[in-house]
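# Reading the structure
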Amino acid sequence: LALDEVRLSDDELRSVDKIFIVACGSSYHAGLMAKYAIEHWARLPVEIDIASEFRYRDPVLDSRTLVIGVSQSGETVDTLQALREARRWNAKVLVISNVVDSSMAREADAVLYTRAGPEIGVAATKTHLAQITALEILALYLAQLRGTLYPAEATDLFTAMSDLPARVETALSRASDVELVARTYRDSPTFIFLGRHVGEKGALEGA
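Contact geometry for helix α2 (residues 25–42) and helix α10 (residues 198–206): axes closest at 9 Å, N-to-C directions at 180°. Considering the angle they form, α2 stands roughly antiparallel to α10. For the pair α2 and α10, contact is made by S26, H29, L32, M33 and Y36 and by V198, K201, G202, L204 and E205, respectively. Residue composition of the contact of α2 with α10, grouped by class: five nonpolar, three polar and two charged.

And the structure:
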């Protein structure tokens with residue numbers, strides 16, 4: 001596994017003992033999902049912050065902290081300011097961005113581009129899924145560096161991700177089924193989204 005642009009050495013990433021993920025909206029929900037993967041695979045504690053609140057709660061940061069900023073555009077002002085605050089405390093900064101050479105990407109120590117193409121809908125769809133995938137790849141990358149997964153385990157997990165395009169294709173092929181459900185319930189005054197574990201974070205995005 002390799003990141004697109006890394007200005008951090010493997011030893012610097014191995015030295016990380018805590019991770020913060022800062023983001024807004026759909027990117028925040030992707031971060032909530034990533035917490036499970038990073039803690040489970042890389043065995044690192046992860047805190048999640050809505051980017052606009054990060055600066056105001058006096059987070060404990062140092063040179064062994066990795067702060068991950070997640071933004072589709074890479075221009076989200078609150079997330080950019082949160083990353084600048086992290087840099088002020090000498091934390092390492094990594095960005096997940098869909099837009100190459102965005103403001104956040106230029107200021108970060110490391111970048112992983114999702115390369116999902118422009119988002120057409122108001123609701124994030126492909127870019128949200130791409131963020132989740134990128135964060136899980138990052139979790140595997142950290143696990144690989146830290147030796148918290150056997151190489152064969154990491155390979156199996158990474159290979160399983162290659163099934164995603166086919167699964168997305170299957171979902172898209174059921175558009176007529178989705179349309180029927182939407183027509184049936186479009187006038188409902190209330191929707192309740194339920195989920196457990198990672199599914200609970202998906203329910204938040206659905207809502």
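Continuing now.
Right, let's get into the sheet that holds strand β6 (residues 110–113). As summarised here, the arrangement of the six strands in space is β1-β6-β5-β4-β2-β3, forming an open sheet in which the pairing is mixed. Of all the strands in the sheet, the pair left with one neighbour each is β1 (5–6) and β3 (46–50). Looking at chain direction, β1 and β6 are connected through two bridges and run antiparallel. Note that in β6 the partner of E5 across the bridge is V111. Its contacts with the sheet put α2 on β2 (18–23), β3 and β4 (65–71), and the angle it makes with β3 is roughly 175°. Taken strand by strand, helix α6 (residues 126–146) contacts β2, β4, β5 (92–97) and β6, and its axis lies near 160° from that of β4.

For the rest of this paragraph, the subject is the side chain of K201. Mapped onto the secondary structure, K201 falls in helix α10. Contacts of K201, omitting those with residues within four sequence positions, involve H29, L32, M33 and Y36.

Attention shifts here to the environment of T184. Turning to its location among the elements, T184 is positioned in helix α9 (residues 175–185). Within the local environment of T184, its side chain forms a polar contact with the backbone oxygen of L180, the two atoms lying 2.8 Å apart.

Take the packing of α6 against helix α7 (residues 151–161) next. Here α6 crosses α7 at 165°, and the two axes come no closer than 10 Å. As judged from the angle between their axes, α6 and α7 are roughly antiparallel. With respect to the hand of their crossing, α6 and α7 are arranged in left-handed fashion. Of the residues in α7, those touching α6 at T133, E136, I137 and L140 are A154, L157, F158 and M161. Here the contact of α6 with α7 is built from residues that sort into six nonpolar, one polar and one charged.

When pLDDT is averaged across the protein, the result is 92; 99% of the residues are at 70 or more. Summarising per-element confidence for the protein, the mean pLDDT is lowest in β1 (76) and highest in β2 (98).

Moving on, we come to the pairing of β3. Across five bridges, β2 lies against β3 in parallel orientation. Note on β3: the bridge partner recorded for I21 is I48. Handedness of the β2-α2-β3 crossover: right-handed.

Right, let's get into the nonpolar core. One finds I19, I21, I38, I68, L94 and I96 to be the most contacted residues of the largest nonpolar core, which totals 38 residues. Where this core is concerned, the elements lending two or more residues are β2, α2, β3, β4, β5, β6, α6 and α7. The element contributing the most residues to this core is α6, with ten residues. In this structure I96 touches I68, G69, V70, S71, L112, T114, A134 and L135, once residues within four positions along its chain are discounted. Of all hydrophobic cores here, the second largest spans 18 residues; its members include A51, V67, A105 and A108.

Next up on the list: unusual backbone geometry. In this model, D58 sits at a positive phi of 55°, which is unusual for a non-glycine residue. Tracing the backbone shows D58 in the loop between α3 (51–54) and β4. Backbone geometry places H197, a non-glycine residue, at a positive phi of 60°. Taking relative accessible area as the criterion, H197 reaches 48% and is therefore assigned partly exposed.

Analysis parameters
- Residues numbered from 1 in each chain as written.
- Predicted model: local features only at pLDDT ≥ 70, side-chain atom pairs only at ≥ 80, totals over all residues.
- Heavy atoms only, no water.
- Axes fitted to C-alpha atoms, helices over the stretch in contact; angles between N-to-C directions.
- Helix = DSSP H or I, 4+ residues; strand = E, 2+ residues; numbered from the N terminus.
- Parallel < 35°, antiparallel > 145°, perpendicular 65-115°, else oblique.
- Contact = heavy atoms within 4.5 Å.
- Nonpolar A, V, L, I, M, F, W, Y, C, P; charged D, E, K, R; others polar.
- Pairing = 2+ DSSP bridges.
- Polar contact = N/O pair within 3.5 Å; in protein donor to acceptor, adjacent residues only side chain to side chain.
- Left-handed = near helix turned anticlockwise from the far one by under 90°.
- pLDDT = per-residue confidence, 0-100.
- Right-handed = clockwise from strand over helix to strand, strands pointing away.
- Core = buried A, V, L, I, M, F, W, Y, C linked by side-chain atoms within 4.5 Å.
- Buried < 20%, exposed > 50% of the residue type's maximum accessible area, 1.4 Å probe, protein only.

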